[in-house]
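The residues making up each chain are set out below.
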Amino acid sequence: MTDSDRIERAASMPPPLAVGGRIKRRMVLAWGLWDWGSSAYSAVITSFVFGPYVVRGVVGDTEPGGLSADTWLGISTATAGVLVAAIAPITGQRADASGHRKRSLAIWSGLVIAVMLGMFSVRNDPSYLWIALILLAAGAVFQEFAVVSYNAMLPQISTPDTIGRVSGFGWAMGYIGGIFLLLICYVGFIAPDVGWFGVSSAGGLNIRAVAVFAAVWFAIFAIPVLLAVPESPPGPRRRRVSFFASYRLLFNDIRSLYRRDRNSVHFLIASALYRDGLAAIFAFGAILAVSVYGMAQATVLIFGIVANLVAALGALSMGAVEDRIGPKKVIMISLIGLLTTSVILLFAHGTTMFWIFGLILTLWVGPAQSSSRAFMARVAPVGREGEMFGLYATTGRAVSFLAPALFALFSGLFSDRVGIVGIALVLLAGTLAMAGVKSPPRQQVQVSE
């Protein structure tokens, strides 16, 4: 970094925020409300309402192009994953360099909301499958880009002594916000024959209305962070380059990161593995609850709500613990807890056992996710948070096939129950890789350009 770049960076840095002051709490709350609102996409659109509607309501028993709806949905999701892996680091890097992190969050959030509003056009007819798949893929990409900018704000609204509990608070807000929205949508649109505003199920209108309601929900709760959290300062002028030149800069940064801080690279690899296992727990948990443990289909949504509450409590409580013992220890404790509980579930039988140990399993998911974000925030060089969280998203996408593939392999060769082994192996690989990662420094890294 040249002397002029150092002077420019120092002059643009905002003054430190008062620790524990009223403004600080207001910023943390505003930041957490974005997670509360953005859970509309993961909970309502992807997991529980619109995604299943596309498979069952739009496509039904037909096989467009000779492929099942699940296969087409998988192709759509994979396409989105490739785009995220290729572009996420660049979007974060460019927001860092230009000092437009908050503007990027606003743009990507707005695009997610626009996609959700567009889902109102998807009627329950197979001819609407293609527009549904395009919207789902676009929404997944925009949502991931928004999360990159959102996560990069964590060091702005926390201190080295509070980053764990602040990250845990954000995760908890996301879990609980998703629960509230699901309950509201269920009572208002899904359960009754004629829901709010006279909405019925004809033409899939009730599900399409839920997509609009979720979009409005997201829009309302996305506003506070844009008003309360200041914009990040711009980076040095030499990092403000064109889109394609950003890739050359990114590759140089990755080489520099590997030479300077291989521990961060090892963490990116380890976290990619165990985060894939965490995602698989939510992806296949409902399937296992019904097919292996005999849970009634109607009870699965209730279990999902309780499980999200338990995960939120885990993230909140362990976030405070993390600020005392560090994120690596919390991650390792959580991963060992997940592995132990997975082994018990492999041999457990009946709905009651699944309720007990399934909820214990989700208790460890929240802390593992929250502390991973806090770990990344601590090792990200000052001014490069967006780029580093972009790499965090990319590495996660790079191995996102692993747990589903192993689950399919073991369940196909043996039984759905043994599919648990596939998920546990990915978690074990991540745990072993994480064991060799050093704890991060309490202060963010300062680097010379």
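See above for the structure.
None of the values given here were measured: they were computed from a predicted structure.

A few points about the overall build of the protein chain
Counting its regular elements, the protein chain contains 16 helices and zero strands. Out of the 449 residues belonging to the protein chain, those deemed buried represent 54%. Sequence-distant contacts, at least 24 apart, represent 84% of the contacts inside the protein chain between residues at least 6 apart. Accessible surface, the protein chain: about 18,900 Å² in total, of which carbon and sulfur atoms supply 69%.

Quick notes on unusual backbone geometry
Notably, Phe-197 is not glycine yet its phi reads approximately 60°, a positive angle. As for its position among the elements, Phe-197 is in the loop between helix H7 (163-190) and helix H8 (205-228). Among the residues examined, Phe-197 registers a relative accessible area of 76% and is labelled exposed.

Brief notes about the side chain of Ser-109
Considering the arrangement of structural elements, one finds Ser-109 in helix H5 (residues 101-118). Separated by 2.7 Å, the side chain of Ser-109 and the backbone oxygen of Leu-105 make a polar contact. For Ser-109, the contacting residues outside a window of four places in its chain are Trp-34, Ala-146 and Phe-218.

With respect to the pattern of salt bridges
Per the counting criterion, the structure on display carries three salt bridges. Through salt bridges with shared partners, a single network forms among Arg-165, Asp-323 and Arg-378.

Comments concerning the packing of H5 against H8
H8 packs onto H5 with a crossing angle of 170° between their chain directions and a minimal axis gap of 8 Å. Judged on the interaxial angle alone, H8 and H5 are roughly antiparallel. Within the contact between the two elements, H5 uses Lys-102, Leu-105, Ala-106, Ser-109, Val-112, Ile-113, Met-116 and Leu-117 and H8 uses Ala-211, Val-212, Ala-214, Ala-215, Phe-218, Ala-219, Val-225 and Leu-226. Class assignment for the residues of the contact of H5 with H8 results in 14 nonpolar, one polar and one charged.

Focus on the nonpolar core
Core analysis: the biggest nonpolar cluster contains 119 residues, and Ile-45, Phe-50, Met-116, Met-119, Phe-267, Leu-427 and Met-434 have the highest contact counts within it. Setting aside residues no more than four positions away along its own chain, Phe-50 makes contact with Val-44, Ile-45, Met-119, Val-122, Leu-136 and Ile-207.

A word on helix H6 (residues 129-152)
Between its first and last C-alpha atoms H6 spans 35 Å; for 24 residues at 1.5 Å apiece the expected length is 34 Å, and the two agree. For H6, the buried fraction is high: 17 of the 24 residues fall into the buried class.

Digging into the side chain of Ser-370
Mapping Ser-370 onto the fold places it in helix H13 (residues 351-379). Note on Ser-370: relative accessible area 1%, which makes it buried.

Thoughts on the environment of Ser-121
Residue placement: Ser-121 occurs in the loop between H5 and H6. Placed 87 residues apart in sequence, Ser-121 and Arg-208 show a C-alpha to C-alpha distance of 7.3 Å. A polar atom in the side chain of Ser-121 sits 2.7 Å from the backbone oxygen of Gly-118.

Focus: the packing of aromatic side chains
In the structure shown here, the tally under the stated rule is 22 aromatic pairs. Seen from their ring centres, Trp-34 and Tyr-150 are 4.5 Å apart, and the 25° between their planes marks the pair as stacked. Taken together, the positions of Trp-34 in helix H2 (residues 22-48) and Tyr-150 in helix H6 put the pair 116 residues apart, joining distant regions of the chain. Neither residue differs from the other here; Trp-34 and Tyr-150 are each classed as buried. Taken together, a centroid distance of 6.2 Å and an interplanar angle of 35° make the contact between Trp-171 and Tyr-175 tilted. Here Trp-171 pairs with Tyr-175, and both are found in helix H7, just four residues apart, close to one helical turn. Take Trp-171: its relative accessible area is 24%, and that puts it in the partly exposed class. In textbook terms, an aromatic cluster arises when at least three aromatic residues are bridged by ring pairs, as seen for Trp-31, Trp-34, Tyr-150 and Phe-218. The ring of Phe-120 is capped by Arg-208, whose NZ or CZ atom sits 4.5 Å from the centre of that ring.

Quick look at the environment of Met-119
By the secondary structure assignment, Met-119 is in the loop between H5 and H6. The residues touching Met-119, leaving out its near neighbours within four places in the chain, are Tyr-41, Ile-45, Phe-50, Leu-135, Leu-136, Arg-208 and Ala-211.

Side note on the packing of H7 against H13
Direction vectors running N to C along H7 and H13 enclose 135°, while the axes themselves pass 9 Å from each other. In terms of orientation, H7 lies oblique with respect to H13. Crossing geometry of H7 relative to H13 is assigned as right-handed. On the side of H7, the interface is formed by Ile-163, Gly-164, Ser-167, Gly-168, Gly-170, Trp-171 and Tyr-175, while H13 contributes Val-365, Gly-366, Gln-369, Ser-370, Arg-373, Ala-374, Ala-377 and Arg-378. Classifying every residue of the contact of H7 with H13 gives six nonpolar, seven polar and two charged.

Reading guide: rules and limits
Residues numbered from 1 in each chain as written. Predicted model: local features only at pLDDT ≥ 70, side-chain atom pairs only at ≥ 80, totals over all residues. Heavy atoms only, no water. Helix = DSSP H or I, 4+ residues; strand = E, 2+ residues; numbered from the N terminus. Buried < 20%, exposed > 50% of the residue type's maximum accessible area, 1.4 Å probe, protein only. Contact = heavy atoms within 4.5 Å. Areas by Shrake-Rupley, 256 points an atom, 1.4 Å probe, with all protein chains shown as cover. Polar contact = N/O pair within 3.5 Å; in protein donor to acceptor, adjacent residues only side chain to side chain. Salt bridge = Lys/Arg side-chain N within 4 Å of Asp/Glu carboxyl O. Axes fitted to C-alpha atoms, helices over the stretch in contact; angles between N-to-C directions. Parallel < 35°, antiparallel > 145°, perpendicular 65-115°, else oblique. Nonpolar A, V, L, I, M, F, W, Y, C, P; charged D, E, K, R; others polar. Core = buried A, V, L, I, M, F, W, Y, C linked by side-chain atoms within 4.5 Å. Expected span 1.5 Å × (residues − 1). Phe/Tyr/Trp six-rings, centres within 6.5 Å; stacked < 30°, edge-to-face > 60°. Lys NZ or Arg CZ within 6 Å of the ring centre and 35° of its normal. Left-handed = near helix turned anticlockwise from the far one by under 90°.

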